[in-house]
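Chain and residue survey
Spelled out, the chains give:
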Amino acid sequence: MRHLDKKILFPIVAVLIYIIYGSYVTLQSPLVGIDVKHQNDTWKVDYIYDNGWAYKQDIEIGDVLLKIDSESPDKNNQIIKEQMIRTAESLSFLSENGEEKNFFPSYASLTDQLFSHFLFPLLYLILTIYIAIYIYRKQKEEFSAFVLIQFLLCIAVAYGSAGASSRGDLIARIVNGVTLVGCLVLYIQFLKVFLENFQVTFISQSTLRKLLFLPIFILLTNVVILLIPSLKWIELILELGIFSLLLLFILALFIRNYSKYKGQPGIQAVKLLVFIFILAFSPFTFLYAIPAVFFSSYIVNAEWAVMFLVFIPIGFIYLQLTERLFDIDYILNRFKYYTVLAFPFSIIICGIIGLSLKESISFEQILFLFIVLFSGIILFLYVKERLDYTNRKYMFSTRGNLQTNMYTFYQKTKDEHQVQMVVNRILKEMENTLNLKSVTFVEMYQEELTKTWKVQCLSSATFINQTELETVEWENKSIGDIYTFSKGFAVVVGSYTGIKKLILCDDKKSGMKLEVHEKIWIEMMAYFANVVVENMKLIEGLVEQIDELKLRETDEHPKWLSKLLFALSEKERANLSNDLHDSILQEQLQLLREVDSVYEMLDDPVIKGKLSEMKEQMLDNVHLIRETCMELRPPLLSEQGLKESLRRLIRQTKLRCNFLLYVSIGENIHQSKEEELIFYRIFQELLNNAMKHSQAKKVSIDFYQIDHSIILQYEDDGVGVDLTNGGSSFSSMGLVGIKERIRSIDGRIEIITSIGQGMKIRIEVEKEMI
């Protein structure tokens, strides 16, 4: 921890000190949990809490409290102020039959309370501190990371103070109330700051400021209750009520923002965070807080409900170890499906038990049984699905393991280059996998006049009657559909207007019908066969065209090939730009931060001077990398259009060039996205080559549209080139690239140049009339 800054070290140390204090208070005495009432000048046991020490002792309602800590109950503050026994070193009771009973509360027979009030909160704190330090070291510059750390520490404090608060410690009670509400407010603030990075406004700043007053309100309420003890009854209701409302408010914010920003980047991460959050807080809210507020009772006591908070640090541990998100959409979709299965079954079982034991079972017990049964079924279905996948090779035979057969088939066909060979492999695979007697391929066509279907070519060995084939209304069948005949079946693997391609399959050698999973496999095979065969036909056609171009021995490529090459080039430019930005640039920036840190630690002026020089060089490198990224992928082109991108390019060129640059860009130029990119690259090429090769003193460019013609005119007074001899690298690389780009969009280019006479270029592209 010696490498941590004060802004993270101080909160962690403060939390540790407080938790040590809270743990000390908790270990002094177990929670006794007895309500008493004053009756006939005596204090009698009125209620015994099921989560307290007294619940497991020989203490009954109506017993008279004689002494507490060897003193009269009238002298004990917790008896007088709260009519409750939270902690005690010794207790003396008088039973209704006159027997005196003495007790000395301890943890000796109360390991469950020691675990839930002390050990589990301590382990939770250790997990939280570990995650907080990791997040800070990874994202120390991000304000959202700092807010997230505060949120995690706040939960740890709220949980860690619960034990001491339940024992009546004044400091713990105030801290517990403030942090219980404060952790939700901090979570809302974290989501707001985090989502601002993705241009998503999770909550307005004014609303957040109002929410920040809630913990202060809870603090003031506790102070008022200390001054007016008669208001003690509203403390729990107020804190749990605000907590429950805040949780519902977060859910409402999430639903609103999800529907508003559904397609935005980062929404998947937020869904995961909210899923973890709901999983952690829902049991406490719905099983303890809401029932306690509205019914003065609870389904599950707070000690057990709050243990679900462990899902928060566990979730972040998962994220840090895997450095990726699990598919939350898949989990939620599965949850919907499993809910449909589990809910009616749970309702029926609980209904039967309720009707059978209606005299001896309460509504709360039935509700608890339903929750346990419902949750258990859903969990069982998740586990079953995982086990089925893990043990699939033991559940099916080699022949019946259809997924493995599909993978094996793919491995066999990936190196095939002829359509007929692939078709033969598909037929063979279906025959072997399904254990069929025979498999063949057939093509059907529909006559134009009669609209009846006829067989294009039918083998003499075909096992299906031709009349049966031709009576089927194949126009209503799509790829993957299976049609069963009196003998065998057919599956559609190709569908075009008036044409259907079928695989005809004889019956299975065993005489058995197709199982459901076999039909699913056949459908998958039909789609796979259709995609593979069609793609291979396209590839064969492409290869034939390329071979034809080779025979022509010409330098000109087809327009579609030029467009394809330029598209691939742009994709590689974008990939290279992303790689430079996400790796080298970020590493340079990190080095800059480390140099700054070392600079602040040094006193030697010589070393400081060297570091300053290094920093300047690194800043130059950062600037160069950014410029390169922008040249590879124009940042404004897709967002603000060609004009803004060109103006930025021109401004940068004027800062670096040693000639006068005059550029005129027309106002009304209408182009497609493809044409905008092509003209941007042409501008880029012309300006780069003017700086590197032209040696010009003056360069002018006019770019405008007249009627349906887009015109670009370039002129410089440089050294020019001799195009008759192939020119320089400029002409051989730059001009050829410009010519190809213009030709790909059916444009015309005219170049006038000679040695010592500068260069003139005119480009014209006709726009199609709409």
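Residues numbered from 1 in each chain as written. Predicted model: local features only at pLDDT ≥ 70, side-chain atom pairs only at ≥ 80, totals over all residues. Heavy atoms only, no water.

**Digging into the overall build of the protein**
The condition that has to hold: By the criteria applied, helices consist of DSSP H or I runs no shorter than four residues and strands consist of E runs no shorter than two, each listed in order from the N terminus. Between buried and exposed lies partly exposed: a residue is buried under 20% and exposed over 50% of the maximum accessible area for its type, with that area taken using a 1.4 Å probe on protein chains only. Whether two residues touch is decided by their heavy atoms; if any such pair falls within 4.5 Å, the residues are in contact. Accessible surface area values rest on a Shrake-Rupley calculation with a 1.4 Å probe, where residue burial reflects the displayed protein chains alone.
Across its full length, the protein holds 24 helices and 16 strands. Within the protein, buried positions represent 42% of all 770 residues. Sequence-distant contacts, at least 24 apart, represent 64% of the contacts inside the protein between residues at least 6 apart. Taken as a whole, the protein presents about 44000 Å² of accessible surface, with 59% of it coming from carbon and sulfur.

**Examining the packing of helix α1 (residues 6-28) against helix α4 (residues 143-160)**
As a reminder, the rule being used: Where helices are involved, their axes are fitted lines through C-alpha atoms of the stretch in contact, as for all axes, and angles between N-to-C directions lie from 0 to 180°. An angle below 35 degrees is read as roughly parallel, one above 145 as roughly antiparallel, one from 65 to 115 as roughly perpendicular, and any other as oblique. Amino acids outside the nonpolar list (Ala, Val, Leu, Ile, Met, Phe, Trp, Tyr, Cys, Pro) and the charged list (Asp, Glu, Lys, Arg) are all regarded as polar, and Gly is one of them.
With their axes 10 Å apart at the nearest point, α1 and α4 run at an angle of 5 degrees to one another. In terms of orientation, α1 lies roughly parallel with respect to α4. Facing Lys7, Ile8, Pro11, Ile12, Val15, Tyr18 and Ile19 of α1, the residues of α4 in contact are Phe146, Ile149, Leu153, Ala156, Val157 and Gly160. Broken down by class, the residue content of the contact of α1 with α4 amounts to 11 nonpolar, 1 polar and 1 charged.

**Comments concerning the sheet that holds strand β1 (residues 34-39)**
Test applied: Here, strands pair whenever DSSP counts at least two bridges between them.
Taken together, the 6 strands give an open sheet; going across it, the order is β4-β1-β2-β3-β5-β6, and neighbouring strands pair in antiparallel fashion. The open sheet has two edge strands, β4 (84-85) and β6 (100-103), and neither has a second partner.

**A word on the packing of aromatic side chains**
Selection criterion: In this scheme Phe, Tyr and Trp rings, the latter by its six-membered ring, pair at centre separations within 6.5 Å, and the angle between planes marks the pair as stacked below 30 degrees, edge-to-face above 60, and tilted otherwise.
One pass over the structure, following the stated rule, counts 17 aromatic pairs. Ring plane angle 85 degrees and centroid distance 6.3 Å describe the contact between phenylalanine 343 and phenylalanine 374, whose orientation is recorded as edge-to-face. Highlighted residues: phenylalanine 343 in helix α12 (residues 328-356) and phenylalanine 374 in helix α13 (residues 363-390), separated in sequence by 31 residues. Using a relative accessible area of 43% as the deciding quantity, one classes phenylalanine 343 as partly exposed.

**With respect to the environment of phenylalanine 335**
Along the polypeptide, phenylalanine 335 turns up in helix α12. Accessibility expressed as a relative area gives 37% for phenylalanine 335, which makes it partly exposed. Every residue in contact with phenylalanine 335, bar those within four places of it in the chain, is listed here: Ile378 and Tyr382.

**A short note on the packing of helix α3 (residues 111-138) against α4**
Contact pair α3 / α4: the axes reach a minimum separation of 9 Å and the direction vectors enclose 170 degrees. In terms of orientation, α3 and α4 fall into the roughly antiparallel class. Contact with α3, carried on its side by Ser116, Phe120, Pro121, Tyr124, Leu125, Thr128, Ile129, Ile131, Ala132, Ile135 and Tyr136, involves Ala145, Leu148, Ile149, Leu152, Leu153, Ile155, Ala156, Tyr159 and Gly160 of α4 and no other residues of that element. In the contact of α3 with α4, the residues fall into 17 nonpolar, 3 polar and no charged.

**So, a negative patch on the surface**
Keep this limit in mind: Residues enter a patch when their relative accessible area is above 30% and they make no salt bridge; the linking distance is 9 Å between like charges and 5 Å between nonpolar side chains (Val, Leu, Ile, Met, Phe, Trp, Tyr). Throughout this description, the term salt bridge denotes a Lys or Arg side-chain nitrogen within 4 Å of a carboxyl oxygen of Asp or Glu. For this count, His and the chain ends are skipped, Lys and Arg are scored as positive, and Asp and Glu as negative. The atoms used to mark charge sites are NZ of Lys, CZ of Arg, CG of Asp and CD of Glu.
A surface patch of like charges, here negative, comprises Asp58, Glu60, Glu96 and Glu99. Following the sequence through the fold, aspartate 58 ends up in the loop between β2 (42-48) and β3 (64-68). Note on aspartate 58: relative accessible area 47%, which makes it partly exposed.

**Let's talk about the pattern of salt bridges**
Tallied over the entire structure, the rule returns 8 salt bridges. In this structure, lysine 101 and aspartate 63 form a salt bridge, with 2.8 Å as the shortest nitrogen-oxygen distance. Here the residue lysine 101 occupies a position in strand β6, and aspartate 63 occupies one in the loop between β2 and β3, the gap between them amounting to 38 residues. Owing to a relative accessible area of 1%, aspartate 63 belongs among the buried residues under this scheme. Between arginine 762 and glutamate 764 there is a salt bridge whose closest N-O contact spans 3.4 Å. Overlapping salt bridges bring together Arg748, Arg762, Glu764 and Glu766 as one network.

**Some thoughts on a nonpolar patch on the surface**
A surface patch of nonpolar side chains, amounting to about 420 Å² of accessible area, comprises Leu219, Val223, Val224, Leu227 and Ile228. Within the element layout of this structure, leucine 227 appears in helix α7 (residues 205-227).

**Quick look at the nonpolar core**
Heads up, the condition is: Side-chain atoms within 4.5 Å link the members of a nonpolar core, which is a set of buried Ala, Val, Leu, Ile, Met, Phe, Trp, Tyr and Cys residues.
Counting residues in each nonpolar core, the largest one holds 71 residues, and the members touching the most others are Phe151, Ile188, Phe281, Phe284 and Ile312. Counting residues per element, the ones that place at least two in this core are α1, α3, α4, α6 (170-196), α7, α8 (233-260) and α9 (267-295). When near neighbours in sequence (up to four residues on either side) are disregarded, isoleucine 188 contacts Phe202, Ile203, Leu208, Leu211, Leu246, Phe249, Ile250 and Leu253. Counting 34 residues, the second largest nonpolar core, distinct from the first, contains Leu649, Ile650, Val699 and Leu735.

**A look at the environment of proline 30**
Position of proline 30 among the secondary structure elements: in the loop between α1 and β1. Classification of proline 30 as buried rests on a relative accessible area of 1%.

**Comments concerning α1**
So the rule is basically this: Helix span, as expected, comes to 1.5 Å for every residue beyond the first.
An ideal rise of 1.5 Å per residue puts 33 Å on 23 residues; α1 measures up with 33 Å between its terminal C-alpha atoms. Of all the positions in α1, only Ile8, Ile12, Val15, Tyr18, Ile19, Gly22, Ser23, Val25 and Thr26 are classed as buried. Along its buried surface, α1 packs onto α3, α4, α5 (162-166) and α6.

**Quick word on α7**
In an α-helix, one full turn covers 3.6 residues, which means residues spaced three or four apart are oriented alike. Going by this rule: To obtain the bend at a residue, axes are fitted to the seven residues ending there and to the seven starting there, and the angle between these axes is taken.
Compared with the 33 Å implied by 1.5 Å per residue over 23 residues, the 34 Å span of α7 between its first and last C-alpha is a close match. Maximal helix bending in α7 amounts to about 25 degrees, located at proline 215. Within the span of α7, buried status applies to Leu208, Leu211, Pro215, Ile218, Thr221, Asn222 and Ile225.

**Observations regarding the pairing of β3**
Examined bridge by bridge, β2 and β3 share 2 bridges and lie antiparallel to one another. Counterpart to tryptophan 43 in the pairing with β3 is leucine 65. Bridging between β3 and strand β5 (residues 91-94) involves 4 bridges; their strand directions are antiparallel. Looking at β5, one finds that leucine 65 is bridged to phenylalanine 93.

**As for the sheet that holds strand β15 (residues 748-753)**
Spatially, 5 strands are ordered β12-β13-β14-β16-β15 in an open sheet, and the strand pairing comes out mixed. Strands at the two margins of the open sheet, each flanked by one partner only, are β12 (660-665) and β15. Neighbour-to-neighbour, the strand axes of the sheet open up by a mean angle of 5 degrees, direction not taken into account. Bridging between β15 and strand β16 (residues 759-766) involves 6 bridges; their strand directions are antiparallel. Looking at β16, one finds that isoleucine 752 is bridged to lysine 760. With respect to the sheet, helix α22 (residues 642-656) is in contact with β12 and β13 (698-706), its orientation differing from that of β12 by roughly 175 degrees. Each of β12, β13, β14 (709-716) and β16 is contacted by helix α23 (residues 673-694), which is oriented at about 5 degrees to β14, the strand it contacts most.

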